[in-house]
Amino acid sequence: MKSWNDRLNTPGINGVKPTPRTMADVVEGQRMLVPTARQVDGFIRSIPEGVEMDVRALRTALAIEHGAEVTCPVTIGYHLRTVAEAANEDLQRGMTLSAVAPFWRVLDAKTPTTRKLSFGAAFVAAQRKREGLKP
């Protein structure tokens, strides 16, 4: 089975293409970004310490950065978990907190992805508290 870091570094099929159907806040025909996990990781690393961004804002910012109207909500969910789990693997191998993607600036107690994390929500809550972010 692939590690989360393997998944993070697997080249994905990404790009901007017309949305195939209406779903959630995405309307059929909009220019939709389908990002790679590495693109999501890179963007999260650009969020400064003490600054939070919800998933919707992250999707909007990524779309704008890549010339799209929206970012795929399904893909972003998968990649947020991949980024968080890969960061946890790195921490378990001894990397410092400052060397991993600060996924806790996007994930919080209410984000569905947080509940799926193998290492639980307590770490996310602790990092958010450390940076003065709302739980």
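Note that the structure is a prediction, hence the values are computed from the model and not measured.

Conventions used here
Residues numbered from 1 in each chain as written. Predicted model: local features only at pLDDT ≥ 70, side-chain atom pairs only at ≥ 80, totals over all residues. Heavy atoms only, no water. Helix = DSSP H or I, 4+ residues; strand = E, 2+ residues; numbered from the N terminus. Rg over C-alpha atoms; globule rule 2.2 N^0.38 Å. Axes fitted to C-alpha atoms, helices over the stretch in contact; angles between N-to-C directions. Parallel < 35°, antiparallel > 145°, perpendicular 65-115°, else oblique. Left-handed = near helix turned anticlockwise from the far one by under 90°. Contact = heavy atoms within 4.5 Å. Salt bridge = Lys/Arg side-chain N within 4 Å of Asp/Glu carboxyl O. Buried < 20%, exposed > 50% of the residue type's maximum accessible area, 1.4 Å probe, protein only.

Caption draft 1: Quick look at the overall build of the chain. Within the chain, the regular secondary structure consists of six helices and three strands. Along its sequence from the N terminus, the chain presents helices and strands in the succession α-β-β-α-α-β-α-α-α. Here the C-alpha atoms of the chain give a radius of gyration of 15 Å, agreeing with the 14 Å that 2.2 N^0.38 yields for 135 residues. Once the C-alpha set of the chain is aligned to its principal axes, its extents read approximately 45 × 35 × 25 Å.

Caption draft 2: Broad picture of the packing of helix α3 (residues 55-65) against helix α4 (residues 73-92). Look at α3 against α4: their axes get within 11 Å of each other, and the N-to-C directions meet at 110°. Taken as axis vectors, α3 and α4 run roughly perpendicular relative to one another. Along this stretch, α3 crosses α4, giving a crossing that reads as right-handed. Side by side, α3 and α4 meet where Val55, Leu58, Arg59 and Leu62 of the first sit next to Pro73, Ile76 and Leu80 of the second.

Caption draft 3: Quick look at the pattern of salt bridges. All chains considered together, the criterion is met by ten salt bridges. Asp41 is paired through a salt bridge with Arg38; the nearest N and O atoms lie 3.1 Å apart. You can see Asp41 and its partner Arg38 sitting in helix α2 (residues 37-45), three residues apart, about one turn around the helix. A salt bridge links Arg128 to Glu52, with the nearest nitrogen and oxygen atoms 2.3 Å apart. Remark: Glu52 occurs in the loop between α2 and α3 and Arg128 occurs in helix α6 (residues 122-130); sequence separation between them is 76 residues. Relative accessible area serves as the criterion here: at 32%, Glu52 is assigned to the partly exposed category. Connected through shared salt-bridge partners, Glu49, Arg105, Arg130 and Glu131 make up one network.

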